[in-house]
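Summary of the model geometry
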Amino acid sequence: MLDHFTAPTRRDLLRVIGKVGGGAALYQTMTVLGHAAESHFTGPPQLTGARPGASVLVIGAGLAGMLAAYELTKAGYKVQILELQGRAGGRNMTLRGGDTVNELGSVQKVGFAPGNYLNPGPWRIPYHHRTVLHYCKELGVALEPFMQSNHNAFIHRKTAFGGKPQRYRDLTIDFKGHVSELLGKALNAGALDAAVTPEDKARLLEAMRSWGVLDKNMTYGKSEKVGEQRGWERPPGGGVNGAPIPNDPFGLSETLDSKIWDQLGFFAEHAMQTSMFQAKGGMDRIGKAFQARVGKTIRFNTRITKIAQDEKGVTASWTDAITGAAGETKADWMVCTIPASILGQIDVQIADTKKAALKALPYGNSVKIGLEMKRRFWETEDAIYGGSSFTDQAIGLVSYPGHGCFSDGPAVLLGAYPFGVGAYVLAGMTPERRIQAALDQGAVFHPAHYKAEFSNGASLAWSRMPWILGCCATWTEESRAAHYQNLVSMDGRIVLAGEHCSYYGCWQEGALLSSLDAITRLHQRALAG
Amino acid sequence: MLSGTLSLAVALAQASPGFAQDRPSNGESAVEVSAEGREIYEQICQSCHMADAKGCGVPGAMFPALADNPRLADKDYGSIILLKGRGGMPWFAGMLTRPQIAAVLNYVRGHFNKYQDTVTVADLDRITTANPPVPDCNCGH
Ligand SMILES: Cc1cc2nc3c(=O)[nH]c(=O)nc-3n(C[C@H](O)[C@H](O)[C@H](O)COP(=O)(O)OP(=O)(O)OC[C@H]3O[C@@H](n4cnc5c(N)ncnc54)[C@H](O)[C@@H]3O)c2cc1C
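Residues numbered from 1 in each chain as written. Chains lettered and ligands numbered in written order. Predicted model: local features only at pLDDT ≥ 70, side-chain atom pairs only at ≥ 80, totals over all residues. Heavy atoms only, no water.

1. Observations concerning unusual backbone geometry
All names here are of chain A. Following threonine 274, the chain continues to serine 275 via a peptide bond in cis, the omega torsion being 0°. Relative to the elements of secondary structure, serine 275 occurs in the loop between α8 (261-268) and β13 (276-279). Positioned with a positive phi, phenylalanine 161 is a non-glycine residue whose angle comes to about 55°. Position of phenylalanine 161 relative to the elements: it lies in the loop between β9 (154-156) and β10 (166-167). In this structure phenylalanine 161 comes out as buried when scored by relative accessible area, which is 18%. (Helix = DSSP H or I, 4+ residues; strand = E, 2+ residues; numbered from the N terminus. Buried < 20%, exposed > 50% of the residue type's maximum accessible area, 1.4 Å probe, protein only.)

Below you can see the structure in the form of structure tokens.
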């Protein structure tokens, strides 16, 4: 009997569960089996059977708004989008030569060479952001690898190594080596005997020796084995002088000065791990792909000034940002994706608890600066292909384009991407002074070429974007507990959506997941009501 | 001691905004914020309220003017907002020390307005203890 029994494969099992229990059951099972735990996405929503003639007004043509319009139209709703700007995409945008950056208080003309660009907002997509990846595939957006980390890029701290940048590789290997040596010493001295079994102690000693590349005395230092990780004074070659010469590791103290654990912890985060992707040609290809599907339903240059609702429907009052004309648009339902920093300033007929949530949601600030260099000296001189060099100066980092490696001609570096103090400092400067600061600070990594090869630059300060006045919503544990459910709950005929209505803040995945959840609940309510 | 512990908690909250957002990296910036009111204004505040403190934007999407602002006559008004944030404006209790908060408030109230009384660190401590609600938005100003 047993001979004829074959255990169902995992995939058979999933197929059966999917058929019987639907997507939610499938997702739960997959999570238990250890798949899919990264994203709530279980495939596009299967919304069908909207009541004939039912209409939805979507406010904001960012990714959340356009995805809502796309799926609701498929479900049979009449959809209209109202958007303040003369462009779609919201925070999903790309700056190219000829573009204009309109900040509050300044105007810049972007002078990049053809083909070059800066993504001033979203620039990378983790491999587990399944909603973004799904719609990129469905809408035909080509993705390519984004070089997330680079062992050969630099780390700079004002107070480490006399201010001289060091290679990420050297610091991480030395940190690992020194920590291994110390743990080995502690184990051998019996300091951890109360915490580990004798078997684990033996295995840990073996692990430290091999992982930390310690010598037979369990010490970390210059050796050929260390050279194989850390690189060489003279690298292995051919012929007579082929033998490599290892170089000198840094001491424990100076390694600690670099605080290299900050970068190690950063790259260990789930959303910062490889593989990472970017849209080929610029991140705005995603917004443009949505626009190709729902563009006809967008009324641009339309500033919502007031939102009202009653038992029959919703009314959005607006002014045309170009002509100044006032108007009203009515519909049965509304998905509102206006960022909280703006929505909190508008007269909206929603529950006081929702208003309180909007008032408790501050926005962070950030600045991105693109520097076009005449040639890729970081590749030719420093062997850095993609990835980022980090600094504790205001600019935060310099990031190297991972696309177009080895090409001749000009290329655009990301010359600044700070959060926190550095972002405020740079945002408060004029565009010209920002470029100067970015050149002064970034030159620490490439002193011989950074200023000499500079051609032109452009920047975007998120606090100066008139349609958001900030970067992304900043939740805390306390504000989540007090306000999150109030913010996302459906309120009569209105549901809010967008990055701020998700636990995936400041990611496109959050904007899309929030949108899918909002329209699914709206559809259920519309069918019930 | 108590206030020290509190401000550390706030600093941590600001450094890690809830869930792992897209951001440059971990670790603290070495950028030093000045102790002097005018310089703090230029380093931090003018990124939104503009160099002339006249604010910007249009009604429904604006940073309010701090110059000639009657609400600032009440010296606790700005203190509460800097300590607790309001709407899209974050709290600065983690980024600025209490002496820095007092210094920049005195600069804004004295230089861009004509209010002569000064905000002290003791005032900020008093507000922290009393924990008053955040005053209503004066975005229309
Ligand atoms: C600096 C930065 C870096 C980022 N990095 C990444 C990254 O690497 N990867 C990633 O996946 N995500 C990243 N993000 C996050 C991502 O950009 C957002 O989560 C996402 O684009 C938000 O989409 P949304 O539709 O919720 O909002 P938005 O795109 O902001 O859309 C809101 C829309 O509402 C409109 N609007 C505002 N006011 C009104 C009004 N009164 N009337 C009518 N319309 C109005 C706006 O013009 C806008 O078009 C980054 C964001 C920033 C700022």
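Okay, back to it.
2. Overview of the confidence of the model for chain A
Overall, the prediction assigns chain A a mean pLDDT of 93, with 93% of residues at 70 or greater. Confidence over residues 1-36 of chain A falls short of pLDDT 50; this stretch has 22 contacts with residues more than four positions distant or in other chains. (pLDDT = per-residue confidence, 0-100. Contact = heavy atoms within 4.5 Å.)

3. Considerations on empty space enclosed by the protein
With a probe scaled to a water molecule rolled over the atoms, the places where space remains empty come into view. The final tally for this structure, using the stated rule, is five cavities of 30 Å³ or more. One number sums up the size of the largest cavity: a volume of about 710 Å³. Residue lining of the largest cavity: 42 residues in total, with B:His49, B:Pro64, B:Ile81, B:Arg86 and B:Met89 positioned closest to the centre. Looking at the lining of the largest cavity, the elements with two or more residues in it are α10 (340-343) and α11 (352-359) of chain A together with α2 (37-49), β2 (61-63), α3 (75-84) and α4 (98-111) of chain B. Sorting elements by how many residues they give to the lining of the largest cavity places α2(B) first, with six residues. Broken down by class, the residue content of the lining of the largest cavity amounts to 26 nonpolar, 14 polar and two charged. (1 Å grid on protein atoms, 1.4 Å probe; cavity = no way out; pocket = protein on both sides within 12 Å on 5 of 7 lines; lining within 4 Å. Points joined across faces, edges and corners; volume = space filled by probe spheres on them. Nonpolar A, V, L, I, M, F, W, Y, C, P; charged D, E, K, R; others polar.)

4. With respect to the interface of chain B and chain A
Taken together, the contacts link 40 residues of chain B with 51 residues of chain A. Taken as a group, B:Gln21, B:Asp22 and B:Pro24 account for 18% of the area that chain B buries against chain A, more than any other trio of residues on that side. Counting across the chain B and chain A interface gives two salt bridges. Two residues, B:Asp22 and A:Arg124, come together in a salt bridge whose shortest N-O distance is 2.7 Å. Where chain B meets chain A, there are 18 residue pairs in polar contact (both at pLDDT 80 or more). Every element with two or more residues in the side of chain B that touches chain A is listed here: α2, β1 (56-58) and β2 of chain B. (Buried area = accessible area lost by both parts, 1.4 Å probe. Salt bridge = Lys/Arg side-chain N within 4 Å of Asp/Glu carboxyl O. Polar contact = N/O pair within 3.5 Å; in protein donor to acceptor, adjacent residues only side chain to side chain.)

5. Details of the state of the cysteines
According to the stated counting rule, one finds one disulfide over all chains in the structure shown. Here A:Cys472 is linked by a disulfide to A:Cys506, with a sulfur-sulfur distance of 2.0 Å. The chirality of the disulfide connecting A:Cys472 with A:Cys506 is right-handed, given an S-S dihedral of about 60°. Of the two residues, A:Cys472 is situated in the loop between β24 (454-461) and α15 (477-488) and A:Cys506 in the loop between β25 (494-496) and α16 (508-528); the sequence distance between them amounts to 34 residues. Just as A:Cys472 is buried, A:Cys506 falls in that class too. A disulfide-free cysteine, A:Cys136 has its sulfur positioned 17 Å from the sulfur of A:Cys506, the nearest such atom. No disulfide involves B:Cys56; its sulfur sits 7.6 Å from the nearest other cysteine sulfur, which is in B:Cys48. (Disulfide = S-S within 2.5 Å.)

6. Quick word on the site of the ligand
With respect to spatial proximity, 37 residues lie near the ligand, and among them A:Glu83, A:Arg91, A:Arg124, A:Glu499 and A:Gln508 are the closest. Neighbouring residues of the ligand are not confined to one chain but are distributed across chains A and B. At 3.3 Å, a backbone N or O of A:Leu63 approaches an oxygen atom of the ligand. Within the side chain of B:Asp22, an N or O atom sits 3.0 Å from a nitrogen atom of the ligand. The fraction of the free accessible surface of the ligand (1000 Å²) that becomes covered by protein chains is 100%. For the shell around the ligand, the secondary-structure elements that each account for two or more residues are α2 (63-75), β15 (302-309) and α16 of chain A. Along the lines of polarity and charge, the residues of the shell around the ligand split into 21 nonpolar, 10 polar and six charged. When residues are assigned to domains, the shell around the ligand turns out to be shared by domain 1 (55-90 + 295-359 + 475-528) and domain 2 (95-152 + 276-282 + 366-464) of chain A, each giving three or more. (Near = heavy atom within 4 Å. Areas by Shrake-Rupley, 256 points an atom, 1.4 Å probe, with all protein chains shown as cover. Domains from an automatic or database assignment.)

7. Regarding the sheet that holds strand β8 (residues 143-145) of chain A
All names here are of chain A. Taken together, three strands build an open sheet; the order of strands is β7-β13-β8 and the sheet is antiparallel. Taken across any chain shown, the strands that pair with only one partner, and hence form the sheet edges, are β7 (125-126) and β8. Summarising the sheet, β7 and β13 pair through two bridges and their orientation is antiparallel. When the bridges of β13 are listed, isoleucine 125 appears paired with phenylalanine 277. (Pairing = 2+ DSSP bridges.)

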